[in-house]
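# Residue-level structural notes
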Amino acid sequence: MKKLSVLLSLVLVFLLGFSPLVQGANFDNLSQDLEAFIKEREAGTASVSLGIFKEGQVLDKTHYGYIDQENQVPSGDQTIYEWGSVSKVLVWISLMQLEEEGKIDLSQDLKTYLPEDFSGKLTYPYPLTLLDIMNLQSGFQEVGIKVEFEEGEAIPDLPDLLLASQPRQIYQPKTVVAYNNWTPALAAYLVETVSGQAFYAYVQDHIFAPLSMDHTAVAPDWRDNDFVKSHRPQSKSYYYSQEDRESLGTSILHIGLYPAGATAGTFEDFLTFATEFTQDQPRFFKKAETFDRMMEASVLFSDGLPRIHHGLLSIDDGRHLVGHSGNTQGFTSSFWFDPQTKTGYGVMTNEPGETAYNYGLAQFLFGPGPGAGGEGSDISGLYTSQRTIDQGPLRFIKYLSGVLPIKKTHEAGVFKVPLAGMKVSYLGGHRYRFDNDNGLAYQVVARDQDRVLENFTTDSKALPPLDMALAYGLALSALLVLLALVPRFIYRLVARLRKKREKILDPGLTSHLLASLISLSFVYLWLITNTYSKPLMVGVSLLGVLSSLLLCGNFLAQVPKKAQGQKAHLVATAWPLVMVAFVIFFQFYKFWV
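Conventions we followed
- Residues numbered from 1 in each chain as written.
- Predicted model: local features only at pLDDT ≥ 70, side-chain atom pairs only at ≥ 80, totals over all residues.
- Heavy atoms only, no water.
- Salt bridge = Lys/Arg side-chain N within 4 Å of Asp/Glu carboxyl O.
- Helix = DSSP H or I, 4+ residues; strand = E, 2+ residues; numbered from the N terminus.
- Buried < 20%, exposed > 50% of the residue type's maximum accessible area, 1.4 Å probe, protein only.
- Core = buried A, V, L, I, M, F, W, Y, C linked by side-chain atoms within 4.5 Å.
- Contact = heavy atoms within 4.5 Å.
- pLDDT = per-residue confidence, 0-100.
- Axes fitted to C-alpha atoms, helices over the stretch in contact; angles between N-to-C directions.
- Parallel < 35°, antiparallel > 145°, perpendicular 65-115°, else oblique.
- Left-handed = near helix turned anticlockwise from the far one by under 90°.
- Phe/Tyr/Trp six-rings, centres within 6.5 Å; stacked < 30°, edge-to-face > 60°.
- Lys NZ or Arg CZ within 6 Å of the ring centre and 35° of its normal.

## A few points about the pattern of salt bridges
Under the criterion given, the structure shown has 23 salt bridges. Between Glu82 and Arg232 there is a salt bridge; the shortest N-O distance is 3.0 Å. Here Glu82 is found in strand E4 (residues 80–82), whereas its partner Arg232 is found in the loop between helix H8 (226–231) and strand E7 (237–240), with 150 residues between them in sequence. The residues Glu82 and Arg232 share a single accessibility class, namely buried. Among the salt bridges present, the one from Lys286 reaches Glu101, with a minimum N-O distance of 3.9 Å. Of this pair, Lys286 sits in the loop between helix H9 (267–275) and helix H10 (288–295) while Glu101 is found in the loop between helix H3 (88–100) and helix H4 (130–134), placing the two residues 185 residues apart along the sequence. Salt bridges linked by common partners bring Lys61, Asp77 and Glu268 together as one network.

As C-alpha cells, then:
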C-alpha cells in the first residue's frame, strides 16, 4: 500500500488556481518556524534541503537528515540531488534567450529550424510551434520505448534517440494541454541546431556561468561537471513514511532525453537558480523585457485565470505560484515563487514523489487555500490523463496509469480520490481544490460541457462507461487466458507422462498448445513493435485471427459429438481468440481519431 500510495502521488504530482493572500510564515522568526515545520515531519523525512528567498535574496537555508542513512552521511552543501523535470526550465530559458537575440521566433513553425526527419509523425496539417511545446499543447502522446539507461549502458546521441523514440501526434496542436517528455528534448535539439553547441554545453555557458553555478551537470551521464559525476554515487534514495522505511540505493538511471530531466547538482546551485526568478532582471537574460514576457500567461484556464507562463507552471492555492517541480526514480525537487511579492522557496529531497516539503512549503509560506464553497457540479467518475499513450501497441497503458477515480461523498461539494487519500472540495465557479493532507494542494477547473478537469499541466477527461467496460472486460479476459491456458497444458502434459505413453502430444493437445503460443506470441509482438503502418497492422491482426480460428477448428473436427467431456478443453483452446480480440481492441479502437 505504501508503494501504491507513492505511485498515486507521483501520478497526481504530474496531473496537477487564485485566491487572496492569507497569513503564512512569520518572517521575523523564519528560522525557528522552519525548524518547527521540519520537526513535525521528521519521522517521514530521509533528507531535505530547503531555502526561502525574496527579491533575489536568500532569507534562510537549511539541510536536514541523511543523504546516506546506512552510513549516517548528513545532507549538506556537497550533497548532489537530481532536478528531474525542473530541467525543462533550462530549455525554456534557452529558447527565450535565442528569441531575445533574434535567432528564432517562438511562433514560427518548427519545420523552419529542424531537419525533415523530425516531422514524419505529425498527424495534423497545422503548424507546430515552439510556443506550443512550451505551453504543453504540441499534441504528442508520451514516449513508448526505452529512453533511460543503466550505469555502463551506451547512451545514444540526442538526435538519434529523438528519432528512435518519436511518439505520434494524437491531438491537434493548441487544443489539449498534456505534459510530455519528448517535446522539451526536441526543443533542446533545436537549441543545438541554432546555437551550434551541444545543449548541455549551451546551458553551462549561457545559464550556469552567469550565475556562477559550478556544481551542476546537465548531460545524461553528467560528464559536463566532474564534481557532480564523482559525488552523485554518494547520494542514496529512500521511501520514507512514519510507518515504513525502504532504501532504494543510489538510484542512478541515466535519462537519454536528458534535457527533459537529467540535471543534477548541489542545493546551493539550485537555490541560486530559483532565487534568480525573483530579480527584476535575471542574469541569464540581457533585457528585462525578455523576463517580463516569459512571466506573461501563455495559456489560461477555461475560467480565464493564468495556467502556464511560457513553460513555467503554476500551482494555485493560498497564492498563484509560478515555478516547476520534478521527479526521478529517487529524488523530488521544486521551486515556486509568487510573482507579486517576489517571495518563494526551493526544495530538494532524496525521496520520489515527496510532497510534504515540495508542496507543503507553499502552505507554510502563504497559508492554506480556501475552504469548501457550496455544492457545485457532480464531477465524480473515472478520468484518464490526456498525458498518455492513446495510439499504437501500448495503448492499454492509458487504462493502467494516469487514471484518476473521483468518488462522491455524503458531504455536499466534497469528493474523494480513493487510495490516494485526496480530498476534493468545491470552491465556487468551476474550481475545485485537491488536497492529499500531506502538503500537496492545488486547484483544478471543471469543464462541465465535455467532462474535462484542467490542472496546470494536463487535461483529464472522463471515460464513457462503454469505453471502460470494454477496456477492463477485455483486460480481464486476457488475464483469464493466461491463468487458464498454461496450467491446462501443464496438467495434460504431466498426465500423459505419468501414463508413459509414447505419444505425449495428441492432436487435441497440440492444437491447444499451438493456439496458445500463437496468441501469446502475437500479443508479445504487439507489445514490442514500433511500427504504425496501418496496412501491416491489419495484415498481422488478420493473420492472428485466422491462425487461431484454424487451430480451434482443427480441434473441433476431432471432438466426437458425444464427447461432452471435451467441452472444457474446447473452450480453453478457443480462448486465444479473446486474447487476439484484446490486442486488436487496444490497437485499433478509435484509431481514426
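## Observations concerning the nonpolar core
One recurring pattern in soluble globular proteins is that nonpolar side chains are buried together. Counting residues in hydrophobic clusters, the biggest one holds 70 residues, and the most contacted among them are Leu95, Phe273, Phe277 and Phe335. Looking at this core, the elements that each hand over two or more residues are H3, H4, helix H5 (158–165), helix H6 (182–195), helix H7 (199–208), H9, H10 and strand E15 (332–338). What Phe335 contacts, discounting residues up to four positions off in sequence, is Val86, Val89, Phe270, Phe273, Ala274, Phe277, Leu312, Val322, Gly323, His324, Tyr345 and Gly346. With 47 residues, the next largest nonpolar core counts Ile38, Val48, Leu50 and Val445 among its residues.

## Some details on unusual backbone geometry
A positive phi angle, close to 75 degrees, is found at Lys174, a residue other than glycine. Along the chain, the position of Lys174 falls in the loop between H5 and H6.

## Thoughts on the confidence of the model for the protein
Within the protein, residue pLDDT values average 83, and 74% of them lie at 70 or more. Segment residues 1–23: pLDDT under 50, and 71 contacts once partners within four positions in sequence are set aside and those in other chains are kept. Overall, residues 589–593 carries pLDDT values under 50, and its contacts beyond four positions in sequence, including any with other chains, amount to nine contacts.

## Concerning the packing of H3 against H10
Helix-helix packing is characterised by the crossing angle of the two axes and by the distance between the axes. Contact geometry for H3 and H10: axes closest at 10 Å, N-to-C directions at 130 degrees. For the element pair H3 / H10, the angle class is oblique. In this structure, the crossing between H3 and H10 has a hand that is right-handed. Facing H3, whose interface residues are Trp92, Ile93, Met96, Glu99 and Glu100, H10 presents Thr290, Arg293 and Met294.

## Quick word on the packing of aromatic side chains
Under the criterion given, the structure shown has 27 aromatic pairs. Ring geometry for Phe37 and Phe364: centres 5.1 Å apart, planes at 55 degrees, overall tilted. Of this pair, Phe37 sits in helix H2 (residues 30–41) while Phe364 sits in helix H11 (residues 360–366); the two residues are 327 residues apart in sequence, bridging distant segments of the chain. Here Phe37 matches Phe364 in class, with each residue buried. With a centroid separation of 6.0 Å and 85 degrees between ring planes, the pair formed by Trp336 and Phe456 is classed as edge-to-face. A residue pair is termed long-range when its members are at least 10 positions apart, and Trp336 in strand E15 and Phe456 in the loop between strand E23 (452–454) and strand E24 (459–462) qualify at 120 residues. Across the pair, Phe456 and Trp336 agree in class, each one buried. Here the aromatic cluster, defined as three or more aromatic residues joined through ring pairs, consists of Trp83, Phe208, Phe267, Phe270, Phe273, Phe277, Phe284, Phe285, Phe291, Phe335 and Phe337. Across the ring face of Phe37, the terminal group of Arg41 is positioned such that the distance to the ring centre comes to 3.7 Å.

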